[in-house]
Structures are given as structure tokens and as C-alpha cells.
Amino acid sequence: MSDLQNRYQQVCEQIKVAAAHAGRQWQEIELVVISKNHPADLVRELHALGQRNFGENRDQEARPKAEATNDLEGIRWHFVGQLQSNKVKSALTYSNFLHSIDRDSLLKALRRELAEGQQKLGGFIQLNLTEDPGRGGISPTDLLAFAEDAMSLPNFELLGVMGVAALDRDPRIDFDTIATASQALLKVAPEAKFISAGMSHDYREAIEFGATHLRIGTAITGNRNL
Ligand SMILES: *Cc1c(COP(=O)(O)O)cnc(C)c1O
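Computed from a predicted structure; not experimentally measured. (Residues numbered from 1 in each chain as written. Predicted model: local features only at pLDDT ≥ 70, side-chain atom pairs only at ≥ 80, totals over all residues. Heavy atoms only, no water.)

### Section: the site of the ligand
Working step 1: The ligand sits among I34, K36, N57, V80, M199, S200, R215, I216, G217, T218 and R224.
Working step 2: Between S200 and the ligand, the recorded distance is 2.5 Å, taken from a side-chain N or O atom to an oxygen atom.
Working step 3: G217 has a polar backbone atom sitting 2.8 Å from an oxygen atom of the ligand. (Near = heavy atom within 4 Å. Polar contact = N/O pair within 3.5 Å; in protein donor to acceptor, adjacent residues only side chain to side chain.)

Encoded structure:
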């Protein structure tokens, strides 16, 4: 068994354990493998092991990688990083999901490009979990108004909320905030029940708090060195 296969299977196993521990079905949890800083061959290897959902955070890197792997059956790309407005058109050529809808100007660019394209996009609103408004993301107090706007995008399905837990404290604090925001969102968007949360170091805790989409890189891919 290769190291990659080993790590992949260990993480898949850990997800099942954490789900059982939280009284959840592991089948309702989607693993998105973040392949940034790794070559297209790694995506191929993981696809051969059954993985279908992959994520990237920079359009310059993601687009060629998505193009180099577009022969792989059932592959789906998740854009998880901050997306510049002038990269929206490009990102929409390969992205099925956008996890990082974080500001009004991005909604504006999406509105324009989605109206022209044929493809459908699923999206998450990224929450700002810090006290610092400069950090980007939507503060929980602005979430419902922002969601109403997002829901009016053409060719778009609002899936839920996304967050990145702070590194300097127990991630459960932030995952709890995300879960509370998710509950509030359901009042205006009953279908937007998904939660994108949890990375290599905190996905088990995220599962406790209802995460449905885990964005896991290094725990599976190994260190980023491209
Ligand atoms: C890189 C990245 C991840 C994965 O991080 P790991 O710590 O390698 O699991 C998850 N989410 C986002 C937004 C990222 O940029």
C-alpha cells in the first residue's frame, strides 16, 4: 500500500469513527480532498481509490489541474479560497462548488457570470468568525441579508455556510458559532442545510458540530511542496 493510500484510508476510517461517536451517519459527510500544491497525478491516484471531490484555492493552479484530469469519471471541483472577481469567469469553467462566498463584490461578479454560463454552481457563504471585520467573510449578524441576496443569483443553489476555525483556541468554539449560524440560515433558506467546516487538524471536532463537507489536505496528501 502506498503512503498516500494509507493516509487516505486512515482519514476515511477516522471520519467513520467520528461520525459514529457523534451519532451521525458517515454517508452524510462529504470528504473534499484539497489538492493544492500537489500535481494532477495525485488527483488521479486518489480517484483510482474512489475519491471524487477535490478542492483548490487558487484559480491559476486549479484550472490547469482540472483540465488535466477532466477525463476522470465523476470528478467534481470545489473552489475553497478567496476568489478574486476577475477570476470568477475562469473558476466557473471547472468549479461545481464555491465554498468561499465572502463579500458583496463577489456576489456581483457571480451574478454577471452565472447569467451567461450554462453551468450550475452550488455555494457556501463563508463566515467571518473573528472579531476583526477586516478578515473577510460575512459576520453572523449580516448572514441572513447576505443570504437573501445570494439566493437570487441565477443558476445557483445556496448550500449553506462555511468557516475556518481559529488556530489559537479550541476549534469547537468556532464550530459552535457556525452551527448556530447554520440554524439561523435555515429560517430563510430551508434547503441550505450544509456546513463546510473541518480541515486536517480539526475535522473530528467539526463532525461533532454537524459539518457535512470536510476540506482535508495535508492529512491525506502529505506536506505541500509543489
Ligand atoms: C488548504 C485549505 C484547506 C486544507 O487544509 P489542510 O490543513 O491541509 O487540511 C482547507 N480549507 C481551505 C480554505 C484551505 O485553503
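### Section: the packing of helix α5 (residues 104-116) against helix α6 (residues 143-151)
Working step 1: Packing of α5 against α6 leaves a shortest axis separation of 10 Å and a crossing angle of 10 degrees. When the interaxial angle is binned, α5 and α6 end up roughly parallel. The segment α5 lies against α6, with D104, L107 and R111 engaging F146, D149 and A150.
Working step 2: Partitioning the contact of α5 with α6 into residue classes produces three nonpolar, no polar and three charged. (Axes fitted to C-alpha atoms, helices over the stretch in contact; angles between N-to-C directions. Helix = DSSP H or I, 4+ residues; strand = E, 2+ residues; numbered from the N terminus. Parallel < 35°, antiparallel > 145°, perpendicular 65-115°, else oblique. Contact = heavy atoms within 4.5 Å. Nonpolar A, V, L, I, M, F, W, Y, C, P; charged D, E, K, R; others polar.)

### Here we look at the layout of surface pockets
Working step 1: In this model, the largest pocket occupies a volume close to 430 Å³.
Working step 2: In terms of lining residues, the largest pocket is bounded by 21 residues, among which Q126, L127, R135, G136 and V164 are the most central.
Working step 3: Here the lining of the largest pocket is built from residues that sort into nine nonpolar, eight polar and four charged. (1 Å grid on protein atoms, 1.4 Å probe; cavity = no way out; pocket = protein on both sides within 12 Å on 5 of 7 lines; lining within 4 Å. Points joined across faces, edges and corners; volume = space filled by probe spheres on them.)

### A closer look at the environment of E148
Working step 1: The residue E148 is located in helix α6 in this model.
Working step 2: Its relative accessible area of 46% is what places E148 among the partly exposed residues.
Working step 3: Considering only alpha carbons, one finds E148 and T218, 70 residues apart in sequence, at a separation of 35 Å. (Buried < 20%, exposed > 50% of the residue type's maximum accessible area, 1.4 Å probe, protein only.)

### Observations concerning the packing of α6 against helix α7 (residues 171-188)
Each packed pair of helices is defined by two parameters, the angle between the axes and the distance between the axes.
Working step 1: At their nearest, the axes of α6 and α7 sit 10 Å apart, and the two run at 50 degrees to each other. Accordingly, the angle class assigned to the pair α6 and α7 is oblique. Read as a crossing pair, α6 and α7 show a hand that is right-handed. Between α6 and α7, the contacting residues are L143, L144, A147, E148 and M151 on the first element and A181, A184, L185 and V188 on the second.
Working step 2: Taken together, the residues that form the contact of α6 with α7 break down as eight nonpolar, no polar and one charged. (Left-handed = near helix turned anticlockwise from the far one by under 90°.)

### Here's the deal with the side chain of N128
Working step 1: Inspection of the secondary structure puts N128 in the loop between β5 (121-126) and α6.
Working step 2: Looking at N128, its side chain comes within polar contact range of the side chain of T130, at 2.8 Å.
Working step 3: A distance of 2.9 Å separates a polar atom in the side chain of N128 from the backbone oxygen of D132.
Working step 4: With residues up to four places along the chain from it excluded, the contact list for N128 reads P133, R135, G136, G137, I138, S139 and P140.

### Looking at the pattern of salt bridges
Working step 1: Enumeration according to the criterion identifies 14 salt bridges in this entry.
Working step 2: When the shortest N-O distance is used, the salt bridge between K89 and E113 registers 3.4 Å. You can see K89 sitting in helix α4 (residues 88-92) and its partner E113 sitting in helix α5, a full 24 residues away along the chain.
Working step 3: In this structure, the salt-bridge partner of R169 is D174, at a minimum N-O distance of 2.7 Å. (Salt bridge = Lys/Arg side-chain N within 4 Å of Asp/Glu carboxyl O.)

### Re the side chain of H78
Working step 1: Checked against the element boundaries, H78 lands in strand β3 (residues 76-79).
Working step 2: Of note is the side chain of H78, whose polar atom sits 2.8 Å from the side chain of H99.
Working step 3: For H78, the contacting residues outside a window of four places in its chain are V32, N53, F54, G55, E56, F97, H99 and H213.

### Points about the nonpolar core
Generally speaking, soluble globular proteins have nonpolar side chains that are buried together.
Working step 1: In terms of nonpolar packing, the biggest core is built from 60 residues, with L110 and I220 touching the most fellow members.
Working step 2: Sort the elements by how many residues they give to this core and helix α1 (residues 3-21) lands first, with six residues.
Working step 3: Apart from the residues within four sequence positions on either side, L110 is in contact with V88, L98, I101, A115, L121 and L153. (Core = buried A, V, L, I, M, F, W, Y, C linked by side-chain atoms within 4.5 Å.)

### Here's the deal with the packing of aromatic side chains
Working step 1: This model, assessed by the stated rule, comprises one aromatic pair.
Working step 2: Positioned above the aromatic ring of W26, the side-chain terminus of K16 is 4.3 Å from the ring centre. (Phe/Tyr/Trp six-rings, centres within 6.5 Å; stacked < 30°, edge-to-face > 60°. Lys NZ or Arg CZ within 6 Å of the ring centre and 35° of its normal.)

Read these as geometric descriptors, not functional statements.
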